[in-house]
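Next come the chains, spelled out residue by residue.
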Amino acid sequence: MNTPLLEVEKVVAGYRPDLPIVHGISLNVGEAEMVTIIGPNGAGKSTLIKAIAGVVPISSGRVALGGRDITRLPTHTMAAASIAYVPQTANVFTTLTINENLLVGASSLPKAEAQRRIELGYENFPALKDYRHKKARVLSGGQRQMLAVARALLTEPRLIMLDEPSAGLSPLMVSEVFQRLKALVETGVAILMVEQNAKAALAISHRTYVFAEGRNRIDGPSKSIAEDPEVASIYLGAGGRKR
Amino acid sequence: MLQALADGILSGSIIALGAIGLTLTMGILRFANFAHAELVTWGAYMALAVLGLTGAFLGPIAPFSFGIPLIFATLVAAVLTSLLALAIDWLVYRPLRQHTNHLTIVFGSFGVSLLVRMVILLIFGGAAQYYSRTLQIAVPVLPGMRILPDQLFTLGITAIIVVGLHFFLQKTRLGLAMRALAENPELARVNGLDTRVVVRWTWVIGASLATVAGVLYGLTVQLRPEIGFHLILPLFAAVILGGVGNVFGAVIGGLIVGLAESFAVLIVPAGYKMAVPFIILLAVLYLRPTGIFAGSVGGAK
């Protein structure tokens, strides 16, 4: 088997080193693969992807992208290392215009190239083009999610990590966002996302990891996870019981 | 009456220059830097020192009391003040940023302000000093309103800086990075911005504007080690009035504070002048704590 695109090995992480939230989680994501993380509240799902993105410090373990060790790289160099991260809340700069949001996302690129990719982004997300000189705070939740994804794509990452892309969206908007993500994977980008909306996420992703209390519990093809009675018991028992 | 208007706009524009730097550093670094006003004093004295070293080898340019040497000295002083600001950030604020309690860094800035003031007192002494002893004749602008050429120069420089800074924040990559950082530092880093670099530039811009404010103060009033001490309240009043992080708001806030001070003297004894910004500050915090134009770095919206 080829080495996966993203390898996470026994990562321990938390905002404070003496209070880890993630207790040695391992996972991997293949090229152009869509992987979902689900689990009860406090399972360490968001903390893990923040740790991979360099936002939350990693105290032990290893993260590699395409075979290159990226554990503890400074956050601002992650985009150049081909990883994009879209936070759950406050995922756009509301005081900046849509165009300025995209310019910030492209700030590591030469000006002409940045402009070219921003125009490309508007072609892929035409709804954003009409608002380009409006402040991002006028956008709806779904439009903000689109803007955040469009901005993440500017650096042409190999992996995009999303923290609950469906949070706070209407059911119609959720399916639109998920269709977008599915289309993205078809272009060769890998996606790792945390989701509370387990049903919709399991339906479109290739594989799923179930976390509880900062540890791996179950993983496998999304189809079999959806049918696994164990998953429901992890949610109901809040991960209290051992397998 | 008219004279109070002219005086108010003049001292207001100097307050505005200091307040712009303070509002930028407060918006981006997220703490109330009580040492900012000392950068104004430091900048003013550094210009005096450079002027003393180079000497007034070129005479003043009529009708002003100063010439090329003071402009050159201001530029050198801006560099020296920026270096001081960066050194303070590195030595004092950077270690304190690790603390979870936000007040720690604010108290740190109190200590820094005392230290800088005393160092200036130690080097330059407490007596008032001047950039130039040239006497100037005030020009009547309107009946009952006389302004010195240096004061007109002060107004012009302030206007140019405000317009230039607005352009810088709106149109340049660094300006955009500063606005992004002011709103959400974590999202800025996730987007590939090296926030440490942006923070350094913020200090340089804040310190340079403080220097210009200090030189203009020295030019139109006099140089004393307490310049900064007397400016702390007016600066904070202007910043809070305009909304923290709002450059345009800081300018308007500075003018309001300057005008309020000069008009207050018409009604109450001059000794109470210093209380005016304090009253403004309390009134704003009570009535509209986010300022007149609540906003982030980048001006009015």
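See the structure shown above.
Residues numbered from 1 in each chain as written. Chains lettered and ligands numbered in written order. Predicted model: local features only at pLDDT ≥ 70, side-chain atom pairs only at ≥ 80, totals over all residues.

J.: Whenever I open this one, the nonpolar core confuses me. Can you help?
T.: One recurring pattern in soluble globular proteins: nonpolar side chains tend to sit buried together. Residues A:Leu159, A:Met161, B:Ile20, B:Ala238 and B:Val239 are the most contacted members of the largest nonpolar core, which totals 167 residues. Element by element, the count of residues in this core is highest for helix H1 (residues 2–29) of chain B, at 14 residues. If we skip the residues at most four places from it in the chain, A:Leu159 touches A:Leu5, A:Leu6, A:Val29, A:Leu65, A:Ser82, A:Ile83, A:Ala190 and A:Leu192. (Core = buried A, V, L, I, M, F, W, Y, C linked by C-beta atoms within 7 Å. Buried ≥ 20, exposed ≤ 12 C-beta atoms within 10 Å, placed from the backbone. Helix = DSSP H or I, 4+ residues; strand = E, 2+ residues; numbered from the N terminus. Contact = placed C-beta atoms within 7 Å.)

J.: Help me out: how do you make sense of the pairing of strand S9 (residues 207–212) of chain A in this one?
T.: Here is the key point about a regular strand: its side chains alternate between the two faces of the sheet. Residues and elements named next belong to chain A. Buried residues dominate S9, accounting for six of its six residues. In S9, alternate side chains face the same way, and those of Arg207, Tyr209 and Phe211 on one face and Thr208, Val210 and Ala212 on the other are all buried. For strand S3 (residues 34–38) and S9, the ladder comprises four bridges, and the chain directions are parallel. Residue Ile38 lies in a different strand from S9, and its bridge partner there is Val210. The pairing of S9 with strand S10 (residues 215–221) spans six bridges and is antiparallel. Looking at the pairing, Ala212 lines up with Arg215 of S10. (Pairing = 2+ DSSP bridges.)

J.: Whenever I open this one, the sheet that holds strand S1 (residues 6–13) of chain A confuses me. Can you help?
T.: Within a beta sheet, neighbouring strands are joined by backbone hydrogen bonds and run either parallel or antiparallel to one another. Residues and elements named next belong to chain A. Strands sit in the order S2-S1-S4-S5 across an open sheet of four strands; the sheet is antiparallel. Each of the sheet's edge strands pairs with one partner strand only, and the pair in question is strand S2 (22–29) and strand S5 (68–69). Pairing geometry for strand S4 (residues 58–65) and S5, over two bridges, is antiparallel. By the bridge assignment, Ala64 is partnered in S5 with Asp69. Those strands touched by helix H1 (residues 45–52) are S1, S2 and S4, and its axis lies near 115° from that of S1. (Axes fitted to C-alpha atoms, helices over the stretch in contact; angles between N-to-C directions.)

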